[in-house]
Amino acid sequence: MATKAQNFDDRQSMKNKQFEVFHYRDKKGENISIHHHDFYEIYFLLGGNVDFLIEGKTHHLEPGDLLLISPQELHQAQIRTDTMYERIVLWIDRGYLAALGGTQADLAACFDHDAPTHTNLLRPDKIRRAALQDLLEKLTAEFYGGKPGGELYAQSLLMQFMVEVNRLLHKATSHQTIEEEPDLVSQVLAYIGTHFQETINLEQLASEFFVSKYYLSHEFSNRVGISIYRYVIFRRLMLAKELMESGNAPGSVYQTCGFGDYANFYRAFKSEYGISPKAYFASVTRVPSA
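Thresholds applied
- Residues numbered from 1 in each chain as written.
- Predicted model: local features only at pLDDT ≥ 70, side-chain atom pairs only at ≥ 80, totals over all residues.
- Heavy atoms only, no water.
- Helix = DSSP H or I, 4+ residues; strand = E, 2+ residues; numbered from the N terminus.
- Polar contact = N/O pair within 3.5 Å; in protein donor to acceptor, adjacent residues only side chain to side chain.
- Contact = heavy atoms within 4.5 Å.
- Pairing = 2+ DSSP bridges.
- Axes fitted to C-alpha atoms, helices over the stretch in contact; angles between N-to-C directions.
- Parallel < 35°, antiparallel > 145°, perpendicular 65-115°, else oblique.
- Nonpolar A, V, L, I, M, F, W, Y, C, P; charged D, E, K, R; others polar.

Engineer: Teacher, can you tell me more about the side chain of His36 here?
Structural biologist: Mapping His36 onto the fold places it in the loop between β1 (19–26) and β2 (40–47). Polar side-chain contacts of His36 include one of 3.0 Å to the side chain of Gln72. For His36, the residues in contact, after removing those within four places along its chain, are Gln72, Glu73, Leu74, His75, Phe234, Met238 and Tyr273.

Engineer: Explain the sheet that holds strand β3 (residues 50–54) to me, please; I cannot follow it from the model alone.
Structural biologist: Think of a sheet as strands paired side by side through backbone hydrogen bonds, with each pair either parallel or antiparallel. Reading across from one edge, β4-β3-β6 is the order of the three strands in this open sheet, with antiparallel pairing throughout. Each edge of the open sheet carries a strand with a single partner, namely β4 (57–60) and β6 (75–79). Shown here is a sheet whose adjacent strand axes are inclined to one another by a mean of 20 degrees, direction ignored. Note: β3 against β4, four bridges, orientation antiparallel. Counterpart to Ile54 in the pairing with β4 is Lys57. Sitting on the sheet, helix α6 (residues 213–224) touches β3, β4 and β6, and the angle it makes with β6 is about 90 degrees.

Engineer: What should I look at first to understand the packing of helix α4 (residues 184–195) against α6 in this one?
Structural biologist: If you want to describe how two helices pack, look at the angle between their axes and the distance between the axes. Interhelical geometry of α4 versus α6 gives an angle of 90 degrees and a closest axis separation of 10 Å. Of the possible angle classes, the one that applies to α4 and α6 is roughly perpendicular. Note on element contacts: α6 touches α4 through Tyr215, Leu216, Glu219, Phe220, Arg223 and Val224, opposite Leu184, Val185, Ser186, Val188, Leu189 and Ile192. A breakdown of the residues in the contact of α4 with α6 according to their chemical character gives nine nonpolar, one polar and two charged.

Encoded structure:
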């Protein structure tokens, strides 16, 4: 069944506390800078020439490809031409997905990095692709349809879809997961991912990869959409949020994340998230802020 596409919405936060689904179709999609979420994302490409960057790996997508993006994974769709770009995007709250499966099924298993079959990219065969697309289109129609019982029906369709995705991942063979040869920017992203808590700068990276800092800066910014410095800060802030959500106080977090002093950490955190580290810590631990 064909569903009506929506106008593109560039927000990257959920309004619905359970899940949201979007069906976008446009001539030239808008490139969103690299980002992350606190919720699960599933991206289903229906058409277009798109590369997708996830945690330093570039995936060259084909129509029918399915991407599984975990909370806190940095990612970005990179649209290559102005051909028709169509996709369905599903956002799911972590707690809601856990409750949806209950004690009978772990519907979030497909996002588990420690699982032997884990991958960000699945390439279903034609039959499975058609079944997944049908479920997503029905889910979208019920989510926006306003019909009696639509919310409950949408929830049941979401449950079916997540069961199918987990089954697909369980059955996936090596040819269904696509590994790309890392280029310079991908290698730099991977290096930053394991060293961002240390002192790291453009000059050091250029020396590490035997290129000029001007070339590296240009290639990185052109590909990722932000500077190397901004990306490093972004990674540190992501870790800071995770640590505070686990009960670590801001006064110790900034050192662990690689910030030179608390003042720099405070400014960066407040600028990115619009809230001070102490206020954020209080909100996630339910401890009254001073």
